[in-house]
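Residue-level listing of the chains:
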Amino acid sequence: MDYHIRNFSKFFSLFSVFLFIFFSCAQNSADINQSEMTVVFEYQDEETLPSARLCAFVESDSDSRRSGLLQLSTKKDGFIWSAPSLVRIKSGDKFWTGYTNFLMQKNQPFPLDSYRILIQNADEKEAEEIFDFSYDSSFYKLKAAEVEEKMLSLGAVKKIAIYDENHILLYYGELKDNLSSSRKIWNVYSKANYFNVIWQTKDNTVICILPKQLVVPDEND
């Protein structure tokens, strides 16, 4: 999660899993087949409010390795972001290009606005997508303990991400009974070091990453 927070490698591996779940309904344009934006709220502890960052990816017909620029902007408020580096993923015949760390100053909420996403390849040929983006911004004011009730009211999905001491993702998926405690996680993944509970809204516009919990087996568990 270095994209300006401590755990880039952790978040990148997690987002790679999420990416192939996120297929949006944005309109087609030139060399952009679909685009996806998600606000990620991350909690460092139980007491502080979350940090927020915006992830934006586009799927195009051309080889994403030739993508040279990704720019995001809003129509009403006039914000402009340019990605200093790009994440490029190929899955089958699909090419995805994006960035996982667009930020607002002082953690201000990302606008509910019409967004323009522009991608430029190495030959400086451009394609763009314009679409309305809305999400539940109330998460900015929620502490970690309040997330579950809110997410349940939205019919969201609860999952778990388990990592080893090198921040390598061992498992991401349903929070099954055999993974419901540190001891049970350790029984299944002996190299597990910590885990995060993950909440994801049905429309994929919001993801909440709850505070890291160490895998410390309890003999009484």
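In what follows, the accompanying structure is described. The shown structure was predicted, so the numbers you read here are calculated from the model rather than taken from an experiment.

### Quick word on the overall build of the chain
For step 1, the next point in the chain: Check the secondary structure of the chain and you find three helices and 13 strands.
For step 2, the next point in the chain: Here the chain holds 221 residues, and the buried ones make up 49% of them.
For step 3, the next point in the chain: Of the roughly 11300 Å² of accessible surface on the chain, 47% is carried by carbon and sulfur atoms.

### Remarks on the pattern of salt bridges
For step 1, the next point in the chain: A complete count under the given rule lists four salt bridges for this structure.
For step 2, the next point in the chain: Note that Asp136 and Lys150 form a salt bridge whose closest N and O atoms lie 3.1 Å from each other. One end of the pair, Asp136, is in the loop between β8 (126-133) and α2 (144-153); the other, Lys150, is in helix α2, and 14 residues separate them in sequence.
For step 3, the next point in the chain: Classification of Asp136 by relative accessible area gives partly exposed; the value is 23%.
For step 4, the next point in the chain: Overall, the relative accessible area of 24% leaves Lys150 in the partly exposed class.
For step 5, the next point in the chain: Note that Asp177 and Lys184 form a salt bridge whose closest N and O atoms lie 3.5 Å from each other.
For step 6, the next point in the chain: The exposure class assigned to Asp177 is exposed, which follows from its relative accessible area of 58%.

### Brief notes about the nonpolar core
For step 1, the next point in the chain: Formed by 45 residues in total, the largest nonpolar core has its most connected members in Val39, Phe41, Leu54, Leu72, Phe102, Phe110 and Cys208.
For step 2, the next point in the chain: Formed by nine residues, the second largest nonpolar core is a distinct cluster that contains Ala161, Tyr163, Tyr194 and Ile198.

### Considering the side chain of Thr201
For step 1, the next point in the chain: Tracing the backbone shows Thr201 in the loop between β11 (194-200) and β12 (206-209).
For step 2, the next point in the chain: The exposure class of Thr201 is buried, given its relative accessible area of 6%.
For step 3, the next point in the chain: Sequence-distant contacts of Thr201, that is, excluding residues within four places in its chain, are made with Met151, Leu154, Ala156 and Val206.

### Things to note about the packing of aromatic side chains
For step 1, the next point in the chain: In the structure shown here, the tally under the stated rule is 11 aromatic pairs.
For step 2, the next point in the chain: A ring pair is formed by Trp81 and Tyr115, whose centres lie 6.4 Å apart and whose planes are at 10°; its orientation type is stacked. A residue pair is termed long-range when its members are at least 10 positions apart, and Trp81 in strand β4 (residues 80-82) and Tyr115 in strand β7 (residues 113-121) qualify at 34 residues. The same class applies to Trp81 as to Tyr115, namely buried.
For step 3, the next point in the chain: Ring centres 5.1 Å apart and planes at 15° place the aromatic pair Tyr163 and Tyr194 in the stacked group. Highlighted residues: Tyr163 in strand β9 (residues 157-163) and Tyr194 in strand β11, separated in sequence by 31 residues.

### Re the environment of Val157
For step 1, the next point in the chain: For Val157, the position within the fold is in strand β9.
For step 2, the next point in the chain: Val157 gets classed as partly exposed once you look at its relative accessible area, which sits at 36%.
For step 3, the next point in the chain: Each C-alpha atom of the pair Val157 and Gln200 lies 5.2 Å from the other, and the pair is 43 residues apart in sequence.
For step 4, the next point in the chain: When sequence neighbours within four positions are dropped, the list of residues in contact with Val157 reads Ile198, Trp199 and Gln200.

### Concerning the pairing of strand β5 (residues 87-91)
For step 1, the next point in the chain: In terms of strand pairing, β5 meets strand β6 (residues 94-102) through five bridges, oriented antiparallel. Looking at the pairing, Ser91 lines up with Lys94 of β6.
For step 2, the next point in the chain: The turn linking β5 back onto β6 is made up of two residues, and Gly92 within it adopts a positive phi angle of 65°.

### Regarding the environment of Ala156
For step 1, the next point in the chain: Looking at where Ala156 falls in the secondary structure, it is placed in the loop between α2 and β9.
For step 2, the next point in the chain: Sequence-wise, Ala156 and Asn204 are 48 residues apart; in three dimensions their C-alpha atoms are separated by 9.2 Å.
For step 3, the next point in the chain: Leaving out residues up to four positions away in the same chain, Ala156 has contacts with Met151, Trp199, Gln200 and Thr201.

Cut-offs used in this document
Residues numbered from 1 in each chain as written. Predicted model: local features only at pLDDT ≥ 70, side-chain atom pairs only at ≥ 80, totals over all residues. Heavy atoms only, no water. Helix = DSSP H or I, 4+ residues; strand = E, 2+ residues; numbered from the N terminus. Buried < 20%, exposed > 50% of the residue type's maximum accessible area, 1.4 Å probe, protein only. Areas by Shrake-Rupley, 256 points an atom, 1.4 Å probe, with all protein chains shown as cover. Salt bridge = Lys/Arg side-chain N within 4 Å of Asp/Glu carboxyl O. Core = buried A, V, L, I, M, F, W, Y, C linked by side-chain atoms within 4.5 Å. Contact = heavy atoms within 4.5 Å. Phe/Tyr/Trp six-rings, centres within 6.5 Å; stacked < 30°, edge-to-face > 60°. Pairing = 2+ DSSP bridges.

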